[in-house]
Amino acid sequence: MKCPFCQHDDTQVLDTRVSEEGDSIRRRRRCTSCDKRFTTYERVELTMPVVVKKNGSRTDFDPKKLQGSLQLALRKRPVSAEAVDAAIHRIEQKLLSSGEREVISGQIGELVMRELQRLDKIAYIRFASVYKSFEDVAEFQDAIAEIGRERKPAK
């Protein structure tokens, strides 16, 4: 750690303490060159990956956009706000834990479909019809049949 006073590279840690919230570490340091003391804080920095859209443009991840998509698919469906918040949290955690700096928008769409399939089958079909650009009734029937196969136990 560089000294903020003389820019010397060598500093000594005198004291280390965890914050009351437990989310950061406070360190008292002393410069070995100028003997001045200063404090540093160490915190976890979590950043969501940048979303790469189909057209190649990049945009920051927006949890409000994710929430809007889920709420639109779940409109007038018997799913609690807590369940929606939990689904959003699971999606965000999967994106964070991937460690990737960029994520293709299609990957987020797949995560949303998985969560909707878990929450409400009708909402899943609604979202899938737009996300996968269904063009005829046969595609709806295929998606519904797929859900039906997943519900039946294997023999």
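The present account deals with the structure reproduced in this document. (Residues numbered from 1 in each chain as written. Predicted model: local features only at pLDDT ≥ 70, side-chain atom pairs only at ≥ 80, totals over all residues. Heavy atoms only, no water.)

Attention shifts here to the nonpolar core. Counting 25 residues, the largest nonpolar core has Leu66, Leu70, Leu95, Ile108, Val112 and Leu116 as its most contacted members. Sorting the residues of this core by element identifies helix H1 (63–73), helix H2 (81–98), helix H3 (105–119), helix H4 (121–131) and helix H5 (137–151) as the ones contributing at least two each. Excluding anything up to four places from it in sequence, Leu95 contacts Met48, Pro49, Phe61, Val103, Ile108 and Leu111. (Core = buried A, V, L, I, M, F, W, Y, C linked by side-chain atoms within 4.5 Å. Buried < 20%, exposed > 50% of the residue type's maximum accessible area, 1.4 Å probe, protein only. Helix = DSSP H or I, 4+ residues; strand = E, 2+ residues; numbered from the N terminus. Contact = heavy atoms within 4.5 Å.)

Bringing the pattern of salt bridges into the picture now. For the structure on display, the rule yields 8 salt bridges. Arg27 is paired through a salt bridge with Glu42; the nearest N and O atoms lie 3.0 Å apart. In this pair, Arg27 is assigned in strand S2 (residues 24–31) and Glu42 in strand S3 (residues 37–43), connecting sequence segments 15 residues apart. For Glu42, a relative accessible area of 42% corresponds to the partly exposed category. Of the charged contacts, one joins Arg30 and Asp35 as a salt bridge, the two residues approaching to 2.6 Å between their closest N and O atoms. Classification of Asp35 by relative accessible area gives partly exposed; the value is 48%. Each of Arg90, Lys94, Glu115 and Arg118 takes part in one network of salt bridges that share partners. (Salt bridge = Lys/Arg side-chain N within 4 Å of Asp/Glu carboxyl O.)

Attention now moves to the sheet that holds strand S6 (residues 102–104). Strand order in the open sheet formed by 3 strands is S5-S4-S6, and the pairing between neighbours is mixed. Since the sheet does not close on itself, it has two edges, and those belong to strand S5 (58–59) and S6, each with one partner. (Pairing = 2+ DSSP bridges.)

Once that is clear, we can look at the state of the cysteines. Evaluated as defined, the whole model comprises 0 disulfides. No disulfide involves Cys31; its nearest neighbouring cysteine sulfur is the one of Cys6, lying 3.5 Å away. You can call Cys31 buried: its relative accessible area is 0%. Cys34 takes part in no disulfide bond, and the closest cysteine sulfur to it belongs to Cys3, at a distance of 3.7 Å. A relative accessible area of 28% places Cys34 in the partly exposed class. (Disulfide = S-S within 2.5 Å.)

Another aspect to go through is the pairing of S2. Both strand S1 (residues 11–18) and S2 contribute to a ladder of 7 bridges, which runs antiparallel. Note on S2: the bridge partner recorded for Asp15 is Arg28. The antiparallel pairing of S1 with S2 creates a hairpin that spans 5 residues between the two strands, and Gly22 there sits at a positive phi of about 80°. Between S2 and S3, which pair antiparallel in sequence order, lie 5 residues; one of them, Asp35, sits at a positive phi of approximately 70°.

This part takes up the packing of aromatic side chains. When we look at a pair of aromatic rings, we describe it by the centre distance and by the angle of the planes. As enumerated under the stated definition, the model contains 1 aromatic pair in all. Here Phe5 and Phe38 contribute two aromatic rings whose centre-to-centre distance is 6.5 Å and whose plane-to-plane angle is 70°, an arrangement assigned as edge-to-face. In this pair, Phe5 sits in the segment before S1 while Phe38 sits in strand S3, placing the two residues 33 residues apart along the sequence. By relative accessible area, which is 47% here, Phe5 ends up partly exposed. Look at Phe38 and you get buried, because its relative accessible area is 8%. Above the plane of the ring of Phe5 lies Lys36, whose end atom (NZ or CZ) is 5.3 Å from the centre. (Phe/Tyr/Trp six-rings, centres within 6.5 Å; stacked < 30°, edge-to-face > 60°. Lys NZ or Arg CZ within 6 Å of the ring centre and 35° of its normal.)

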